[in-house]
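Descriptive structure summary
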Amino acid sequence: MDHSTWPGSDRGAAVVFDIDGTLLRPGTFLQRVHMESMATAIERISGAPAEFRYEGGDLFVNGHDLAGCTDAGTIDLVLRGAGVPAAKSPGLHAAVVAAMCDLVITATQDLDSAHELLPGAADLVAGLRRHGVIAGLSTGNARTVATCKMRATGLSGLAALGGFGDICRARTDIARGAVEAVRAAAGTRGQVLGAAGIVLIGDTTSDVGAARAAGVRCVGVATGASRVHELERAGADLVVPTLEGLGVRDLVELVHADGAGCLDGAAPSTPRR
């Protein structure tokens, strides 16, 4: 299929991805390195304990469910729980992020973790690039952490632009940052990228809400923290069980459609509305 079949190809097109639970399997070695580095950095800088626990596809810190949470939000959650005064939090936060990123860089420097990608992730990204679609990230990971994960999995190009969780506590702010980033990238191509040509793909209801707040379409993928019915109820425009079988043509149909859809395992390339 020629990329001109994407509506408004002269105006540009973009897809931005969440990482953990969307591109990467939940609880992978890369994610554990990330969380262990965060826990070490928090305790080293502030003295506050951070105990991360995986339960199925869900992740908790000190008993709090982290579905849809950002790095900045997680750090603040731990610091508040430890009674750190609000006035000290900004300085500690910046130091924790820096220490965490240094630890992740060291731990992932020589990793080859392509096997930790969820099925269909690499094929979808490759397909988007073949059709001239801008691909980036809308993730709660700090930018450096996201860059390390994408390099280790062979998707390094995705980390070049997007919205990240270094400073932003809210997913809505991250999604808006991702939209601004891909619009700027389209501008370098001489294109004007409208909201109708941008799709956010994520695995949580927070991703869906963030996409809606940013005014772009959302594909919910049930490979992480949220189930199909939860993503549908949150208002995802399209819900898929996995990224397998989801292609550029499905995204074209989505941005043409008025209403939500669902791809099921029996007919993964045919939206059901």
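As a starting point, this report considers the structure included with it.

The rules we used
- Residues numbered from 1 in each chain as written.
- Predicted model: local features only at pLDDT ≥ 70, side-chain atom pairs only at ≥ 80, totals over all residues.
- Heavy atoms only, no water.
- Helix = DSSP H or I, 4+ residues; strand = E, 2+ residues; numbered from the N terminus.
- Polar contact = N/O pair within 3.5 Å; in protein donor to acceptor, adjacent residues only side chain to side chain.
- Contact = heavy atoms within 4.5 Å.
- Buried < 20%, exposed > 50% of the residue type's maximum accessible area, 1.4 Å probe, protein only.
- Pairing = 2+ DSSP bridges.
- Right-handed = clockwise from strand over helix to strand, strands pointing away.
- Phe/Tyr/Trp six-rings, centres within 6.5 Å; stacked < 30°, edge-to-face > 60°.
- Lys NZ or Arg CZ within 6 Å of the ring centre and 35° of its normal.
- Core = buried A, V, L, I, M, F, W, Y, C linked by side-chain atoms within 4.5 Å.
- Salt bridge = Lys/Arg side-chain N within 4 Å of Asp/Glu carboxyl O.
- Axes fitted to C-alpha atoms, helices over the stretch in contact; angles between N-to-C directions.

Within the secondary structure layout, T70 lies in the loop between β4 (64–65) and α2 (71–81). Engagement of the side chain of T70 in a polar contact is seen with the backbone oxygen of C168, the distance being 3.1 Å. A polar atom in the side chain of T70 sits 3.4 Å from the backbone oxygen of R169. Sequence-distant contacts of T70, that is, excluding residues within four places in its chain, are made with G140, G165, C168, R169, A170, R171 and I174.

To continue, consider unusual backbone geometry. Leaving glycine out, the prevailing phi sign among residues is negative, and the prevailing peptide bond configuration is trans. A positive phi angle is found at N62, which is not glycine, with a value near 50 degrees. Relative to the helices and strands, N62 resides in the loop between β3 (58–61) and β4.

In terms of burial, strand β8 (residues 217–221) is largely enclosed, as five of its five residues are buried. Residue alternation in β8 divides its side chains into two sets, R217, V219 and V221 and C218 and G220, and both sets are buried. Pairing geometry for strand β7 (residues 198–202) and β8, over four bridges, is parallel. Opposite G202, over in β8, you have G220 as the bridge partner. Taken together, β7, helix α7 (residues 205–214) and β8 constitute a β-α-β crossover, and its handedness is right-handed. Handedness of the crossover is the feature at issue here: the chain leaves β8, passes through helix α8 (residues 228–234), returns alongside strand β9 (residues 238–240), and the resulting connection is right-handed.

Burial along strand β1 (residues 14–17) is two-sided: the residues A14 and V16 and V15 and F17 are all buried. Bridge count between β1 and strand β5 (residues 134–138): four bridges; the pairing is parallel. Across the sheet, residue A14 finds its bridge partner in β5, namely I134. Here β1 runs beside β7; their pairing, made up of four bridges, is parallel. Considered in β7, the bridge of A14 is made with I198.

Going through the model one piece at a time under the given rule, you end up with zero aromatic pairs. The aromatic ring of Y54 is capped on one face by R32, whose charged end is 4.1 Å from the ring centroid.

With that settled, consider the nonpolar core. Ranked by internal contacts, the top residues of the largest apolar core, which has 35 residues, are F17, L137, L158, I201, V219 and L246. Where this core is concerned, the elements lending two or more residues are β1, α4 (121–130), β5, α5 (143–153), β7, β8, β9 and α9 (248–256). Examining the composition of this core, we find that five residues originate from one element, α9, more than from any other. Core analysis: the second largest hydrophobic core is formed by 25 residues, A39, F52, M100 and C148 among them.

Across all of its chains, the model carries seven salt bridges by this definition. Close ionic contact of D20 with K149 constitutes a salt bridge, the shortest N to O distance being 3.0 Å. With D20 in the loop between β1 and α1 (29–46) and K149 in helix α5, the pair connects residues that are 129 residues apart, well separated along the chain. Judged on exposure class, the residue D20 and its partner K149 are both buried. The partner of R53 in a salt bridge is E55, and the shortest N-O contact between them spans 2.5 Å. Look at E55 and you get partly exposed, because its relative accessible area is 46%.

For the rest of this paragraph, the subject is the sheet that holds strand β2 (residues 52–55). Sheet architecture is open: three strands sit in the order β2-β3-β4, paired in antiparallel fashion. Each edge of the open sheet is held by one strand with a lone partner, namely β2 and β4. Sheet strands touched by α1: β2 and β3. Its angle to β2, the strand with the most contacts, is close to 150 degrees.

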